[in-house]
Amino acid sequence: MLCSEMDSTCVEDPDVVSILFRKWIELAHKASDQLESLSVDEYGKMVEYLKSRVICQGSSILGRPMANSMQAGIALQLQSIGISLDQKQSTISLATELEKKQKFSSFRKRSALEQSRKLQEIKMKMAYLEWYKKDSRNKGRGYYDSYKIQSTTADIEIAKYKKFLTNYWKDLVEEAESKSQKESLFFRTMFLYGGTNYRRMVEPLDIAEFYRDGKNRDYKKQGRSPHYVLLEKWQKEDAAGKGKMKKKEKKPVDMMTEDSCFWADVEEALFAVRLLKQKGSGGGGESSEAKNRLVEFQRYVMEQIENYAVDSEIFLRESSFMVWWKEFQEIVAIVGSGSSSLVEYMKSGMYLSYGSP
């Protein structure tokens, strides 16, 4: 609430408050060349005076017609704190700048309201996916592998929900990219949490489709949608801005895997294992590349486990990860990973208590 001897006005947008304060100080300098002309005591007296009045104003007090209600409101705001809306270039520029700020603020509020309605429908679709995830776990196979195998009606039905959610987030990411830097930043901040949850829940289903027939390779380069890339990029930028995260405490066993491309790495590691089973160490460059991939994959998985960043469903008996582990043990000597942290962790059975309270 800004007050002058004439009146008062309430301003919500922090940018507008800053602009008005700068103009106010500028006028105070011109009036007396001293900032003391608007002392705390005098400002207090203004507030006490205004408390005793009920002011009702209309655009008629402006003395001249306004192009629209927003301009009239800005003129009243300025007049209320002692800034007359004359024809001086500085005053016109000030009014124009305030009008731009308020238009953006109005757009932001309308956008938030529209998206709030859409988000209610999105939440319903996400809730169904969460039910499917829990149901798949109870059946002992896991979310990713249930959708990949498509053995029940629920596995097939889930594709409709995935399509709806994907279309929604693709459009939203495209819209954010088309806006100005400031508007785009607002969009990212507002929808970052929802977008991250969506990516972690739905992208594994896209990965399952990509590898379903066993013919496709390298999802990250050949199959990943750009909107996932951007959602992940924004999430990492936000995390970097908040500083280094503390090591995580144990989480419930039904959490979502943080890296939405985890299952793509599992599939590529499974390809590497089968290549080495077929060709051994004599496969030249292919074998060497497969070994390096498996060494890196073990390091990556152990890091995820130590940070409690993966869902415990990866350890379900029929999961693709456990299929990889079973086959990997057959060629562990070829890779030379007999004493790796992951091998020791799995062989000791420590994974059975992963995520337990």
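These figures come from a predicted structure and were not determined experimentally.

Thoughts on the pattern of salt bridges
Should the charged atoms of two oppositely charged side chains come close, the side chains can pair.
Now for step 1: A complete count under the given rule lists 21 salt bridges for this structure.
Now for step 2: Of the charged contacts in the structure, one is a salt bridge between Asp206 and Lys162, with a shortest N-O distance of 2.6 Å. Here Lys162 lies in helix α6 (residues 153-178) and Asp206 lies in helix α7 (residues 181-211), a separation of 44 residues in the sequence. Here Asp206 matches Lys162 in class, with each residue buried.
Now for step 3: Glu303 is the partner of Arg299 in a salt bridge, and the nearest nitrogen-oxygen pair spans 3.4 Å. Taken together, the positions of Arg299 and Glu303, both in helix α11 (residues 285-306) and four residues apart, correspond to about one turn of that helix.
Now for step 4: Glu303 sits in the partly exposed class, given a relative accessible area of 35%.
Now for step 5: Bridged by salt links that share partners, the residues Glu203, Arg224, Glu232 and Lys236 form one connected network.

Topic: the packing of α6 against helix α9 (residues 226-241)
Now for step 1: One can describe the packing of α6 onto α9 by two numbers: an axis separation of 10 Å at closest approach and a directional angle of 65°. As α6 packs across α9, the resulting crossing turns out to be left-handed. Touching Thr166, Trp169, Lys170, Val173, Ala176 and Glu177 of α6 are His227, Tyr228, Leu230, Leu231 and Trp234, all from α9.
Now for step 2: Counted by class, the contact of α6 with α9 contains seven nonpolar, two polar and two charged residues.

Section: the confidence of the model for the chain
Now for step 1: Averaged over every residue, the pLDDT of the chain is 80; residues scoring 70 or more account for 70%.
Now for step 2: Least confident of the elements in the chain is helix α3 (residues 69-80), whose mean pLDDT is 63; most confident is helix α8 (residues 219-222), at 96.
Now for step 3: Residue range residues 54-62 is modelled with pLDDT below 50. Its contacts to residues more than four positions away, or to other chains, number twelve contacts.

Some remarks on the packing of α11 against helix α12 (residues 320-335)
The geometry of a pair of packed helices is captured by two quantities: the angle between their axes and the separation between those axes.
Now for step 1: Where α11 contacts α12, the axes come no closer than 12 Å and their chain directions differ by 125°. In terms of orientation, α11 and α12 fall into the oblique class. Crossing of α11 over α12 shows left-handed handedness. Residues Lys291, Leu294, Val295, Phe297, Gln298 and Val301 of α11 form the contact with α12, whose own contacting residues are Phe321, Trp324, Phe328, Ile331, Ile334 and Val335.
Now for step 2: Tallied by class, the residues present in the contact of α11 with α12 amount to ten nonpolar, one polar and one charged.

Comments concerning the layout of surface pockets
Now for step 1: Reported here for the second largest pocket is a volume of approximately 400 Å³.
Now for step 2: In terms of lining, the second largest pocket is formed by 18 residues, of which the most central are Arg217, Glu268, Phe271, Glu289 and Arg293.
Now for step 3: When residues of the lining of the second largest pocket are traced back to their parent elements, those giving at least two are α8, α10 (262-279) and α11.
Now for step 4: Class assignment for the residues of the lining of the second largest pocket results in six nonpolar, one polar and eleven charged.

Here's the deal with α11
Now for step 1: In this model, α11 (22 residues) spans 32 Å end to end at C-alpha, consistent with the 32 Å of a helix rising 1.5 Å per residue.
Now for step 2: Within α11 the residues assigned to the buried category are Ser287, Ala290, Leu294, Phe297, Gln298, Tyr300, Val301, Met302, Gln304 and Ile305.
Now for step 3: Positive phi appears at Tyr308, one or two residues downstream of α11, with a value of about 50°.

Observations regarding the nonpolar core
Now for step 1: In terms of nonpolar packing, the biggest core is built from 64 residues, with Leu294, Phe315, Phe321, Trp324 and Phe328 touching the most fellow members.
Now for step 2: The dominant element in this core, judged by the number of residues it contributes, is α7, at ten residues.
Now for step 3: With residues up to four places along the chain from it excluded, the contact list for Phe315 reads Ile305, Phe321, Met322, Tyr345, Met346, Tyr351 and Tyr354.
Now for step 4: Of all hydrophobic cores here, the second largest spans five residues; its members include Leu2, Val11, Ile19 and Leu98.

What about unusual backbone geometry?
Now for step 1: Of note, Gln150 is a non-glycine position whose phi angle comes to about 55°, a positive value.
Now for step 2: Topologically, Gln150 is positioned in the loop between α5 (143-149) and α6.
Now for step 3: Phi angles above zero are rare outside glycine, and Tyr308 is one such case at about 50°.
Now for step 4: On the secondary structure map, Tyr308 appears in the loop between α11 and α12.
Now for step 5: For Tyr308, a relative accessible area of 17% gives the class buried.

Considerations on α12
Now for step 1: The sharpest bend along α12 measures roughly 55° and falls at Gln329.
Now for step 2: Those residues of α12 that sit buried are Ser320, Phe321, Met322, Trp324, Trp325, Glu327, Phe328, Ile331, Val332 and Val335.
Now for step 3: Buried residues in α12 make contact with α5, α10, α11 and α13 (341-347).
Now for step 4: Where α12 terminates, the next one or two residues include Gly336, which has phi positive at roughly 80°.

Describing the side chain of Asp259
Now for step 1: Tracing the backbone through its elements, the reader meets Asp259 in the loop between α9 and α10.
Now for step 2: Buried charge Asp259 goes without a salt bridge, the closest partner of opposite sign being Lys220 at 5.2 Å.
Now for step 3: Apart from the residues lying within four places of it in its own chain, the contact partners of Asp259 are Asp265, Tyr300 and Gln304.

How each quantity is defined
- Residues numbered from 1 in each chain as written.
- Predicted model: local features only at pLDDT ≥ 70, side-chain atom pairs only at ≥ 80, totals over all residues.
- Heavy atoms only, no water.
- Salt bridge = Lys/Arg side-chain N within 4 Å of Asp/Glu carboxyl O.
- Helix = DSSP H or I, 4+ residues; strand = E, 2+ residues; numbered from the N terminus.
- Buried < 20%, exposed > 50% of the residue type's maximum accessible area, 1.4 Å probe, protein only.
- Axes fitted to C-alpha atoms, helices over the stretch in contact; angles between N-to-C directions.
- Left-handed = near helix turned anticlockwise from the far one by under 90°.
- Contact = heavy atoms within 4.5 Å.
- Nonpolar A, V, L, I, M, F, W, Y, C, P; charged D, E, K, R; others polar.
- pLDDT = per-residue confidence, 0-100.
- Parallel < 35°, antiparallel > 145°, perpendicular 65-115°, else oblique.
- 1 Å grid on protein atoms, 1.4 Å probe; cavity = no way out; pocket = protein on both sides within 12 Å on 5 of 7 lines; lining within 4 Å.
- Points joined across faces, edges and corners; volume = space filled by probe spheres on them.
- Expected span 1.5 Å × (residues − 1).
- Core = buried A, V, L, I, M, F, W, Y, C linked by side-chain atoms within 4.5 Å.
- Bend = angle between axes of the 7 residues up to and from the residue.
- Lys, Arg positive; Asp, Glu negative; His and termini not counted.

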